[in-house]
Amino acid sequence: MARGVPPIRVCFVCLGNICRSPTAEGVFLNLLDSEQLEDRVVADSAGTAGYHVGERPDTRSLAAARARGFTLPGVGRQFQASDFERFDYVLAMDRSNLSLLERMASTDAHRAKLHLFRNFDPASTPGSEVPDPYYGGEDGFERVLDICAAAARGLLAHLRKTHDLG
Ligand code: 4NP
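Residues numbered from 1 in each chain as written. Predicted model: local features only at pLDDT ≥ 70, side-chain atom pairs only at ≥ 80, totals over all residues. Heavy atoms only, no water.

Structural notes on the overall build of the chain
Heads up, the rule is: For the purposes of this entry, the term helix denotes a DSSP run of H or I that reaches at least four residues, the term strand denotes a run of E that reaches at least two, and both are numbered from the N terminus. Our radius of gyration looks at C-alpha atoms and nothing else; its globule reference is 2.2 Å times the residue count to the power 0.38. Classification of residues uses two cut-offs on accessible area relative to the type maximum, computed with a 1.4 Å probe and protein chains only: under 20% is buried, over 50% is exposed, and between them is partly exposed. Contact criterion: two residues are considered in contact whenever any of their non-hydrogen atoms come within 4.5 Å of each other. Computed with the Shrake-Rupley method and a 1.4 Å probe, the accessible areas treat only the protein chains shown as cover for residues. Neither His nor the chain termini are counted; the positive set is Lys and Arg, and the negative set is Asp and Glu. Charge positions are represented by NZ for Lys, CZ for Arg, CG for Asp and CD for Glu.
When helices and strands are counted, the chain shows six helices and four strands. From first element to last, N terminus to C terminus, the chain shows the α and β order β-α-β-α-α-β-α-α-β-α. Relative to a compact globule of 166 residues, whose C-alpha radius of gyration would be 15 Å, the chain shows 15 Å and is just as compact. Judged by the C-alpha coordinates and their principal axes, the chain covers about 45 × 35 × 35 Å. Out of the 166 residues belonging to the chain, those deemed buried represent 49%. A sequence separation of at least 24 residues applies to 73% of the contacts in the chain between residues at least 6 apart. When the accessible surface of the chain is summed, it comes to about 8100 Å², and 51% of that surface belongs to carbon and sulfur atoms. Of the charged side chains in the chain, 19 are positive and 22 negative, and the gap between their average positions amounts to 2 Å.

Next comes the structure, spelled out in structure tokens:
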């Protein structure tokens, strides 16, 4: 890691960990790569539910990301209370998942790590969500990508301001 500084650790969280959070993770990793910050910030994703543990992201999410030139990493996993120790930022895709995570957080330090992902997008109304595309059409997956791209840019701007990222 650069200058021996530990990386900032970010975890994106949705319900199933096959649509929104892997998309947010992939978009953010792509941004880190283009800004040459992959060794300063690391990203992961998880679901509050265990329905899709061990699965690759939804084929519709993979196809939408591929069309924009990047891949989505990872296999589905369920968020664990111990993840609050492993990550500096835990970013919920919607208010329902935020509230589930709030119930899993056992200390004020854990609660301080929790945010709604879209709140980092300065153009979005506070409390905005990344809508679940799972039961809808392909346009929902495009919309998730657009929303994640804007929020990822805002998140990175926040990290640059708050941490010494150069
Ligand atoms: P995600 O979407 O939370 O964005 O990964 C969903 C994926 C699967 C289900 C719900 C939402 N499901 O009910 O299986």
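Some remarks on the site of the ligand
Filter applied, for reference: Any residue with at least one heavy atom within 4 Å of a molecule or strand is counted as near it. Counting of polar contacts relies on pairs of N or O atoms within 3.5 Å, with two restrictions inside protein: one atom must be capable of donating a hydrogen and the other of accepting it, and residues adjacent in sequence are counted only when both atoms are side-chain atoms. Gly counts as polar in this scheme, as do all residues outside two lists: the nonpolar Ala, Val, Leu, Ile, Met, Phe, Trp, Tyr, Cys and Pro, and the charged Asp, Glu, Lys and Arg.
Inspection of the region around the ligand gives Cys14, Leu15, Gly16, Asn17, Ile18, Cys19, Arg20, Tyr51, His52, Asp132, Tyr134 and Tyr135 as its neighbouring residues. A distance of 2.8 Å separates an oxygen atom of the ligand from a polar atom in the side chain of Arg20. Its free accessible area being 360 Å², the ligand has 93% of it covered by the protein chains. Tallied by class, the residues present in the shell around the ligand amount to seven nonpolar, three polar and two charged.

What about helix H1 (residues 20-34)?
Note the following rule: The span expected for a helix works out to 1.5 Å for each residue beyond the first.
The end-to-end C-alpha separation of H1 is 21 Å, in line with the 21 Å expected for 15 residues at 1.5 Å each. Most of H1 sits out of view: 11 of its 15 residues are buried. Along H1, the residues that are buried comprise Arg20, Ser21, Pro22, Thr23, Ala24, Glu25, Gly26, Val27, Phe28, Leu31 and Leu32. Gln36, located one to two residues past H1, shows a positive phi value of around 55 degrees.

Concerning the pairing of strand S2 (residues 41-47)
Convention followed: Strands are treated as partners if at least two bridges between them are detected by DSSP. If the strands point away from the viewer and the path from the first strand over the helix to the second runs clockwise, then the crossover is right-handed.
Most of S2 sits inside the fold, with five of its seven residues counted as buried. As judged from the seven bridges shared by strand S1 (residues 8-14) and S2, these two strands associate in the parallel manner. Across the sheet, residue Cys11 finds its bridge partner in S2, namely Asp44. Taken together, S1, H1 and S2 constitute a β-α-β crossover, and its handedness is right-handed.

Digging into the pattern of salt bridges
Where we set the bar: For salt bridges, the criterion is a side-chain nitrogen of Lys or Arg within 4 Å of an Asp or Glu carboxyl oxygen.
Summed over the entire model, instances satisfying the criterion amount to 11 salt bridges. Two residues, Glu35 and Arg160, come together in a salt bridge whose shortest N-O distance is 2.7 Å. Taken together, the residues Glu35 in the loop between H1 and S2 and Arg160 in helix H6 (residues 138-162) connect sequence positions 125 residues apart. Judged by relative accessible area, Glu35 falls into the partly exposed class, the value being 36%. Of the residues examined, Arg160 reaches a relative accessible area of 30% and is grouped as partly exposed. Where Arg60 meets Asp58, a salt bridge forms, and the shortest distance between an N and an O atom there is 2.9 Å. According to the relative accessible area criterion, Arg60 is partly exposed, its value standing at 25%.

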